[in-house]
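Below are the chains, spelled out letter by letter.
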Amino acid sequence: MQILLIHSDYIAYEVKKETPVAEKIDEQMRFGRLDEALTVFIAVEKSDESDPEKAVASTLDEIKNVASQLKAQNIMLYPYAHLSSSLSSPKVAIAVLKNLETALKDEFTVKRAPFGFYKAFEIKCKGHPLSELSRTITVDETITPKAAAKEEIVSEAIKAEEKAKSYWYVLKPDGQMQTFEDFNFTGYDNLKKFKNYEVSKSREVDRTPPHVELMRRLEIADYEPGSDSGNMRFYPKGRMIKSLLETYVLERSAEVGAMEVETPIMYDMNHVTLKKYLDRFPARQYSIEADKKSLFLRFAACFGQFLMNHDMTISYRDLPLKMIELTRYSFRKEQRGEVVGLRRLRAFTMPDMHTLALDMEQAMLEFKQQYDMCISVLKDMGIGLEDYEVAIRFTRDFYEANKAFIIELARIVDKPVIIEMWDQRFFYFVLKFEFNYIDALDKASALSTVQIDVENAERYDINYINEHGNAKHPLILHCSPSGAIERIIYGLLEKNYMITRSGGVPMLPVWLSPTQVRVIPIAERHRETAGEIVHMLGCRVDIDDRDETVGKRIRDAGREWIPYVAVLGDEELAKGELTVTIRSQSEPKKPKKVKMKAWDLSARIQTDIAGLPYKSIPLPVYLSTRPKFV
RNA sequence: GCCGCCGUGGCUUAGCCUGGCAGAGCGACUGAUUCGUAAUCAGUAGGUCGUGGGUUCAAUUCCCACCGGCGGCUCCA
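Residues numbered from 1 in each chain as written. Chains lettered and ligands numbered in written order. Predicted model: local features only at pLDDT ≥ 70, side-chain atom pairs only at ≥ 80, totals over all residues. Heavy atoms only, no water.

Brief notes about empty space enclosed by the protein
Stage number 1. Under the defined criterion, the tally for this structure stands at one cavity of 30 Å³ or more.
Stage number 2. A volume near 130 Å³ is recorded for the largest cavity.
Stage number 3. If you trace the largest cavity, you find it lined by Leu 218, Ile 220, Lys 237, Ile 241, Leu 508, Ser 513, Pro 514, Thr 515, Glu 560, Trp 561, Ile 562 and Pro 563.
Stage number 4. In terms of residue class, the lining of the largest cavity is made up of eight nonpolar, two polar and two charged. (1 Å grid on protein atoms, 1.4 Å probe; cavity = no way out; pocket = protein on both sides within 12 Å on 5 of 7 lines; lining within 4 Å. Points joined across faces, edges and corners; volume = space filled by probe spheres on them. Nonpolar A, V, L, I, M, F, W, Y, C, P; charged D, E, K, R; others polar.)

Below, the structure is given as structure tokens:
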């Protein structure tokens, strides 16, 4: 059975001429009209004859499902032979149509156009994305109901067909590749969640993501109603965390030889090279009109760097050649329903590194090194291998030529990874990986990624001169060592929410904690010494000098996830030490308290943050003079 | 873009179904308290009930539109 569903403002028909297969009808069926109707064009097929009842039942499910999504109350059943080239007998078709009508009448206002007539009809389609759907319903047992019901939006048909050519596998570290059906997901909960999210698109969530509450309560970031959605404001603590993460990624990139550059955030939509690129993609960019020019805000740093590469004189001896830009911002005009907290933004900060490589051999070597780097970068940021799942995607040709290389990638992370393989190359790359973070609501979001681009060097006419003096196009690797910086913060917050939920104590890595040590002087007479300790510690220290009880101030420090809380009273003053609560070794209701000298605490913190970027405290040291942002 | 839920002092929210003076906790401010490890006590101020229309003698409450948030669908270079 083939059906075509149109969500219409109205549908009206009028019988014109009888055909030889016409059913008998009475006068009132000669005309029909329904407003606000889901119109269902139906062709009953030969294959339905083996089990017409099942065909009716499956079709009913589909219609009801769509009608409920659209909140449609009126249904027009409209026989439409042209949907299929293999029609059933008229007798079966009429029976099926009548059964459908009867079954739907309980819940809906139903009209049925008569079978076997030439009819004039008029329909006004609403035109929204779900307003045109087609379904193939089959009674053949060998096809699963899910595959049979595979949704396909008519206008997107070609795209959907391309997507259908994805082959999915799980690759184990030992090199064994299995289909999803064969792989035993037991013990691989996150991998299963990622698979479900990626492939089945299964979602069971109906609440605000936990990091949204945390980003506000911890005064990291917030919505800005005065801007466009997905453009956030960052409070001092959030700005500091972002700044540290940004600095860190740039430092790591510099270590591997990337040159930092800066390029414009807006580009001419009619620039010859860019135009070709843009035309391939739907309008997802912010556009600006200025001085008779049409400009768009960049959605990645590729343009600026590629245009720069185009003008450069590059020798084969300069390769691999790396450049990085940290975009503040990249803009993507995501659809309104897609923008959520810090997970998906319309303006986001992204390190975008590009490597020009001599040939595939060099590109693959770089690819592997950058893969290793991404793992290490995320680890330092507080996101470990256990927090994300690896997806590796490639073309079949690439795989056939480089099986051992792919297996090595799975071996490095020492856990099963998801594989997506395409028969043909649809995108600009032949190989890519992403690390996908799995959050508290089982949603997956890509963090680090590296891609081998075989297309853009030619498009942007980027060349290097080889040893024979000939101009050659290099391969280009795209790499974001961390993914969007905001998304790292999202990941850290979600991770700590999950830690709290499972009975742990949440905290950020010490190098990212806005306050590293909070000093709590017990009474007024201890405040002066507290001020001296700040200088001795030499890290981000603040003093809770508010007129509150000790209990209250301890609690507040805990709610801010402060790694070290130092209490200072008569006892400590006498002995010249501090009573320090060490958050990383505490359990809920069981704080780990240690007496230590100020310089021991200082040394301990220096160990925690060794080799990582540092910035001074982003807020007034004395809490009594500190404003509230939220 | 489509569908659904939500929007009440800075924050969290009660009240809305069944129209009739808008209530609380936290925070802020003032005062008392100078305190030993997850919320000290008392008082004061603070509200265009998201915005705009409509219905009504009367709208935070009912209806419509818009804006914003969240979720789902779609999308994700």
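Description of the sheet that holds strand β24 (residues 475–480)
Stage number 1. Taken in spatial order, the ten strands make up an open sheet running β9-β8-β19-β18-β20-β21-β24-β17-β16-β12, and their pairing is mixed. Unpaired on one side and paired on the other, β9 (177–178) and β12 (259–260) mark the two borders of the sheet.
Stage number 2. Where helix α7 (residues 236–255) meets the sheet, its contacts fall on β12, β16 (321–331) and β17 (347–357), and the angle it forms with β16 comes to roughly 160 degrees.
Stage number 3. Here helix α12 (residues 403–413) sits on the sheet and contacts β8 (166–171), β18 (388–395), β19 (417–422) and β20 (429–438); the angle it forms with β18, its principal contact strand, is near 175 degrees. (Pairing = 2+ DSSP bridges. Helix = DSSP H or I, 4+ residues; strand = E, 2+ residues; numbered from the N terminus. Contact = heavy atoms within 4.5 Å. Axes fitted to C-alpha atoms, helices over the stretch in contact; angles between N-to-C directions.)

Here's the deal with the layout of surface pockets
Stage number 1. Taken as a whole, the second largest pocket holds about 610 Å³ of empty space.
Stage number 2. Lining of the second largest pocket is provided by 22 residues; of these, Val 505, Ile 554, Gly 558, Arg 583 and Lys 589 occupy positions nearest its centre.
Stage number 3. Within the residue set of the lining of the second largest pocket, elements represented by two or more residues are α16 (550–559), β27 (564–568) and β28 (578–582).
Stage number 4. For the lining of the second largest pocket, the leading source of residues is α16, giving five residues.

So, the sheet that holds strand β26 (residues 541–543)
Stage number 1. Within the open sheet, the five strands sit side by side as β26-β25-β27-β28-β29. Their pairing is mixed. For this open sheet the edge positions go to β26 and β29 (593–596), each flanked by a neighbour on one side alone. Geometrically, the sheet is characterised by an average inter-axis angle of 25 degrees between neighbouring strands, direction not taken into account.
Stage number 2. In this structure, β28 lies alongside β29, joined through four bridges in antiparallel fashion. Bridge pairing links Thr 579 to Lys 595 in β29.
Stage number 3. Together, β25 (517–521) and β27 form the strand contacts of α16, whose direction differs from that of β25 by roughly 175 degrees.

With respect to the nonpolar core
Looking at soluble globular proteins, one finds that nonpolar side chains tend to be buried together.
Stage number 1. Counting residues in hydrophobic clusters, the biggest one holds 96 residues, and the most contacted among them are Ile 392, Leu 431 and Val 517.
Stage number 2. Broken down by element, this core gets its largest block of residues, ten residues, from helix α10 (residues 360–381).
Stage number 3. When near neighbours in sequence (up to four residues on either side) are disregarded, Ile 392 contacts Ile 406, Leu 409, Val 417, Ile 418, Ile 419, Glu 420, Leu 431, Lys 432 and Phe 433.
Stage number 4. Judged by nonpolar contacts, the second largest core, of 28 residues, contains Met 1, Leu 70, Leu 104 and Phe 108. (Core = buried A, V, L, I, M, F, W, Y, C linked by side-chain atoms within 4.5 Å. Buried < 20%, exposed > 50% of the residue type's maximum accessible area, 1.4 Å probe, protein only.)

Purely geometric numbers; function is a separate question.
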